[in-house]
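# Structure at a glance
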Number of protein chains: 2
Amino acid sequence: MVAITIKDVAALAGVSVATASRVLSGSPATSPEARASVVAAAARLDYRPNAQARALRSTHTESIGLLVSDVRNPFFADLAHTVEQAALAAGYVTLLGNANERKEQQDRYLDTLISRRVDGIVLAPLGDGSGSIRSLIQRKIPTVFVDRTVDGVDVPSVTTDSETGIRQAVEHLAAAGHTRIGYISGPQAISTGRDRFAAFTRAVAEFGLSQDPELVYFGDFQAASGSLGVHALLELRQPPTALLAADSPMAVGAIAILHKRGMRIGRDVALIAFDDIEWFALLDPALSVISHSVEEMGRIAVKMLLEVIGGGTPESVVLPSELIIRASSAMPLAGAAGATGAPASVSPASVSPEFVSPAAGQSLRKN
Amino acid sequence: MVAITIKDVAALAGVSVATASRVLSGSPATSPEARASVVAAAARLDYRPNAQARALRSTHTESIGLLVSDVRNPFFADLAHTVEQAALAAGYVTLLGNANERKEQQDRYLDTLISRRVDGIVLAPLGDGSGSIRSLIQRKIPTVFVDRTVDGVDVPSVTTDSETGIRQAVEHLAAAGHTRIGYISGPQAISTGRDRFAAFTRAVAEFGLSQDPELVYFGDFQAASGSLGVHALLELRQPPTALLAADSPMAVGAIAILHKRGMRIGRDVALIAFDDIEWFALLDPALSVISHSVEEMGRIAVKMLLEVIGGGTPESVVLPSELIIRASSAMPLAGAAGATGAPASVSPASVSPEFVSPAAGQSLRKN
DNA sequence: CGTTTCCATGGAAACGATTCCACGGGATGC
DNA sequence: GCATCCCGTGGAATCGTTTCCATGGAAACG
């Protein structure tokens, strides 16, 4: 770790450090000769400016922080990817942190991002406005929330309107004759967990389905709780005939346990997941999902953050969600009144043909 | 962004900055009274030390960099997670970068990590030893390679022994009567791409299977190329009866295109993927995989990096891989000589859906 | 030709922390 | 009771860079 400093460059180039600095940071007040020799010297020594020192003096770092709540959740992995690409295009490098759905870790990362003086932060927040989130606001560090919000904290955000998609899903299940829908909810400490649960509650009431509180299992947005949720719901005296999972990892956990119990998805039980993940369409039966655009969310979040950094105060954006019906929920409930009843007129938002076509519907052997 | 510095804390506490610094960094040479008042002042002002300034003076930052080649690849997402947890346990915070399988992005991230003076770097390298990797070595920045290596660059690494798993997979397919295995390879510019391809070539020769070079498609480890690969392989005059994908995203791409073409995995064509991803077992048929432990890889990588930071020179570690047989490859090739291993010279071209017997095993119909 | 303007340059201050060094006073040793 | 040691403390140097300010020489102008 032998350090090569700007002094070495200046010495080799035969100029002062001030001139070397000017050349290296592209100040116009330099002569061609100085420029040439400094550039040559820097290249020859493979000089890398010390970002700490640079950031200490000037107050921007050309970097942003992105703190997601779980990298292993494909939704956030995709989000990380799009945010990073968008930021790169704008000349910023993205430091990615993983809160792992834990408040202490979120606080810890937030602290390091703050003390590393990133120019701005894109955050999928967790918990309430206490702890490091409060500091973030007080310090007026440019921040935008993504996917989630925090009550009482006034920060521009990009979120999804869960209401529409969930309403469509419930409507669709009701039309297929389901009256008892099991809901695997996210935690109520997270805005998306609350919003989606509220939307579900309203939809169930609206379509006259069972409001039995036992039909709701509160998970933590991670896979294991999806398994536990299915387990609990299927043990009920009157188990649900359809399941709705509030995010994709919980859906994965749900599918795993359904397999293990020998339940056939799409026949013995319908399943719909919030979040559209590439390979959900590859499952057999393909999984019906409530889809929303990660790419757009990431792109807009970066755009908004740049606005905040530039001193603006952008309006929050709410992106739409929509139901995509595939085979996991396409079949009417066996023996249900629904097949003959009025709800048959319900027309779902969108059906992607390739996933419910006879080709995909052909029988595949299962192990 | 009003800055609260240690000066403010010292002033409020009524001590000098030197004393404040000592208290805040836990130096023993402080009096209880000083400690109390400084801590109180810091809390009251919500003081966060400026990491830049701190790192400028002391030469360590308590942070490591982790540069993965593709966050959206679940293998790397999992790796990121385990590395991050292991590092956190050791008191380091992890800055995650995503090279997106592109050398320029890798160089760019490496540069920023270097100039931010991380204490060490865990890198899944890309390309040859040129560019920023060279700088890394020259500067003697503690580094360990993970998953991949770079020829001619002497850095401790944690990798997987692809040979065993791939040999098992080929043996297994040969035993099932397959003679033409299509291989969807990774790029030859990446060590794992080369190693796995070489292992495949050797295994195919060893078991007397077709060495037709047309049976190999060179992809780029990303999903789209898996689709292209399947497409190309199935268009051959003599298409393969089994497919082996060198990583999981390409396997996903492969599955998608197989579905679209109406090919039934496990019956019309066998499929095995390198990398075990949680939900591969949830597919129907469940996917046979060559498995290796991400958790261990991440844990060991961090342990080795800490050793290097501490001045040691740990030995490189090679982790085992093993075949896990599931339904996607479990069925013997119809009309083949059988599972005894003697590969008969049955023309694979004769295999088409019509000839596949309704099958042993509990065949489940799908909706 | 003399004065002003311009501009590349170097010296030095500043950023916010850590840390070396010197100092003073209380406790200790003889 | 005097010299020594220890220890908490403050002043100041330091890390590597940017940037303000002064300088001096060349160009431009009258």
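Rules and cut-offs
Residues numbered from 1 in each chain as written. Chains lettered and ligands numbered in written order. Predicted model: local features only at pLDDT ≥ 70, side-chain atom pairs only at ≥ 80, totals over all residues. Heavy atoms only, no water. Helix = DSSP H or I, 4+ residues; strand = E, 2+ residues; numbered from the N terminus. Salt bridge = Lys/Arg side-chain N within 4 Å of Asp/Glu carboxyl O. Buried < 20%, exposed > 50% of the residue type's maximum accessible area, 1.4 Å probe, protein only. Domains from an automatic or database assignment. Contact = heavy atoms within 4.5 Å. Buried area = accessible area lost by both parts, 1.4 Å probe. Axes fitted to C-alpha atoms, helices over the stretch in contact; angles between N-to-C directions. Parallel < 35°, antiparallel > 145°, perpendicular 65-115°, else oblique. Left-handed = near helix turned anticlockwise from the far one by under 90°. Nonpolar A, V, L, I, M, F, W, Y, C, P; charged D, E, K, R; others polar. Pairing = 2+ DSSP bridges. Least-squares fit on C-alpha atoms with pLDDT ≥ 70 in both. Expected span 1.5 Å × (residues − 1). Polar contact = N/O pair within 3.5 Å; in protein donor to acceptor, adjacent residues only side chain to side chain. Near = heavy atom within 4 Å. 1 Å grid on protein atoms, 1.4 Å probe; cavity = no way out; pocket = protein on both sides within 12 Å on 5 of 7 lines; lining within 4 Å. Points joined across faces, edges and corners; volume = space filled by probe spheres on them.

Another point: the environment of Pro285 of chain A. Of note, Pro285 of chain A is situated in the loop between β9 (270–274) and β10 (288–291). Residues Pro285 of chain A and Val150 of chain A lie 135 residues apart in sequence; the distance between their C-alpha atoms is 37 Å.

Residue and element names in this part refer to chain A. Summed over all chains, the structure comprises 32 salt bridges over all chains. Here Glu101 makes a salt bridge to Arg148, at a shortest N to O gap of 3.0 Å. A residue pair is termed long-range when its members are at least 10 positions apart, and Glu101 in the loop between β2 (93–98) and α6 (103–115) and Arg148 in the loop between β4 (143–146) and β5 (157–160) qualify at 47 residues. On the basis of relative accessible area, Glu101 is assigned to the buried category, the value being 17%. In this structure, the salt-bridge partner of Arg180 is Asp212, at a minimum N-O distance of 3.0 Å. Pair noted here: Arg180 is in the loop between α8 (162–175) and β6 (181–185) and Asp212 is in the loop between α9 (191–206) and β7 (216–218), with a separation of 32 residues, a long-range link.

Attention now goes to the domain arrangement of chain A. All names here are of chain A. On domain assignment, one finds that chain A holds domain 1 (6–49), domain 2 (63–160 + 296–319) and domain 3 (162–291 + 321–361). Spacing between the C-alpha centres of domain 2 and domain 3 amounts to 30 Å. Facing 15 residues of domain 2, the contacting portion of domain 3 comprises 16 residues. Between domain 2 and domain 3 the total buried area reaches about 1100 Å² when both faces are included, carbon and sulfur atoms providing 47% of it. Across the contact surface, domain 2 and domain 3 share one salt bridge. A salt bridge links Arg194 to Asp151; the nearest nitrogen and oxygen atoms lie 3.8 Å apart.

Moving on to the packing of helix α1 (residues 6–13) of chain B against helix α3 (residues 32–45) of chain B. Residues and elements named next belong to chain B. At a closest axis distance of 8 Å, the pairing of α1 and α3 adopts a crossing angle of 125°. By the angle between their axes, α1 is oblique relative to α3. Read as a crossing pair, α1 and α3 show a hand that is right-handed. Together, Asp8, Val9, Leu12 and Ala13 of α1 and Ser37, Val38, Ala41, Ala42, Arg44 and Leu45 of α3 make up the contact between the two elements. Grouping the amino acids of the contact of α1 with α3 by side-chain chemistry returns seven nonpolar, one polar and two charged.

Let us now look at the sheet that holds strand β6 (residues 181–185) of chain B. Paired through backbone hydrogen bonds, the strands of a sheet run either parallel or antiparallel to each other. Residue and element names in this part refer to chain B. Strand order in the open sheet formed by six strands is β7-β6-β8-β9-β10-β12, and the pairing between neighbours is mixed. One side of each edge strand has no neighbouring strand; the edge strands of this open sheet are β7 (216–218) and β12 (322–324). Within this sheet the neighbouring strands show an average axis-to-axis angle of 20°, counted without direction. Sheet strands in contact with helix α9 (residues 191–206) are β6, β7, β8 (242–245) and β9 (270–274), and its direction is about 170° off that of β6.

So, on to the relation of the copies chain A and chain B. When chain A is brought onto chain B, the operation consists of a screw motion whose angular component is 180° and whose axial shift is 0.1 Å, with 0.2 Å RMSD remaining. Such a combination of rotation and displacement between the chain copies is what one expects of a two-fold axis. Both copies present the same face, since 99% of the interface residues in chain A are matched by interface residues at the equivalent positions in chain B.

Our next topic: helix α5 (residues 74–89) of chain A. Along its 16 residues, α5 of chain A runs 23 Å from first to last C-alpha, staying within 8% of the 22 Å computed at 1.5 Å per residue. Buried residues of α5 of chain A: Phe75, Phe76, Ala77, Leu79, Ala80, His81, Thr82, Val83, Glu84, Ala86, Ala87 and Leu88 of chain A, and no others. Where α5 of chain A is buried, its residues contact β1 (63–68), β2, β4 and α12 (294–309) of chain A together with β2 (93–98) and α6 (103–115) of chain B. You can read the cap of α5 of chain A off the contacts: a side-chain oxygen lies 2.9 Å from the backbone nitrogen of Phe75 of chain A, and it is on Asn73 of chain A.

Another aspect to go through is the protein's contact with DNA strand C. Taken together, 24 residues are adjacent to DNA strand C, and Thr19 of chain A together with Ile6, Ser21, Tyr47 and Arg57 of chain B come closest. The share of sugar and phosphate among atoms of DNA strand C within 4 Å of the protein is 63%. Arg57 of chain A places a polar side-chain atom, nitrogen or oxygen, 3.0 Å from a base nitrogen of DNA strand C. Contact distances for DNA strand C include 3.0 Å between a phosphate oxygen and a backbone N or O atom of Asn50 of chain B. For the surface near DNA strand C, the secondary-structure elements that each account for two or more residues are α2 (17–24) and α4 (51–57) of chain A together with α2 (17–24) and α4 (51–57) of chain B. Class assignment for the residues of the surface near DNA strand C results in 12 nonpolar, seven polar and five charged.

Most peptide bonds adopt trans geometry, and most residues besides glycine take a negative phi value. In the segment running from Asp284 of chain A into Pro285 of chain A, the intervening peptide bond is cis, with an omega of 5°. The phi dihedral of Lys140 of chain A falls on the positive side, at around 55°, and the residue is not glycine. Inspection of the secondary structure puts Lys140 of chain A in the loop between α7 (132–138) and β4. Judged by relative accessible area, Lys140 of chain A falls into the exposed class, the value being 60%. Positive phi, normally seen in glycine, also occurs at Asp46 of chain B, with a value near 55°. Along the chain, Asp46 of chain B falls in the loop between α3 and α4.

Let's shift gears to the layout of surface pockets. Empty space among the atoms becomes apparent when a probe as large as a water molecule is rolled across them. Its boundaries defined by the atoms lining it, the largest pocket holds a volume of some 990 Å³. Contributing to the lining of the largest pocket are 44 residues, with Pro74 and Trp279 of chain A together with Arg72, Pro74 and Trp279 of chain B lying nearest its centre. Among the secondary structure elements, those contributing two or more residues to the lining of the largest pocket are α5, α11 (248–260) and α12 of chain A together with α5 (74–89), α11 (248–260) and α12 (294–309) of chain B. The residue inventory of the lining of the largest pocket, partitioned by class, reads 20 nonpolar, 11 polar and 13 charged.

Moving on, we come to the side chain of Ser248 of chain B. All names here are of chain B. Here Ser248 is to be found in helix α11. Its relative accessible area of 2% is what places Ser248 among the buried residues. In contact with Ser248, other than residues within four places in its own chain, are Asn73, Pro74, Phe274, Asp275, Ile277 and Phe280.

Attention now goes to the side chain of Asp268 of chain B. Residues and elements named next belong to chain B. Structurally, the position occupied by Asp268 is in the loop between α11 and β9. Asp268 gets classed as buried once you look at its relative accessible area, which sits at 10%. Within the structure, the side chain of Asp268 is placed 2.7 Å from the backbone nitrogen of Arg264, a separation counted as a polar contact.

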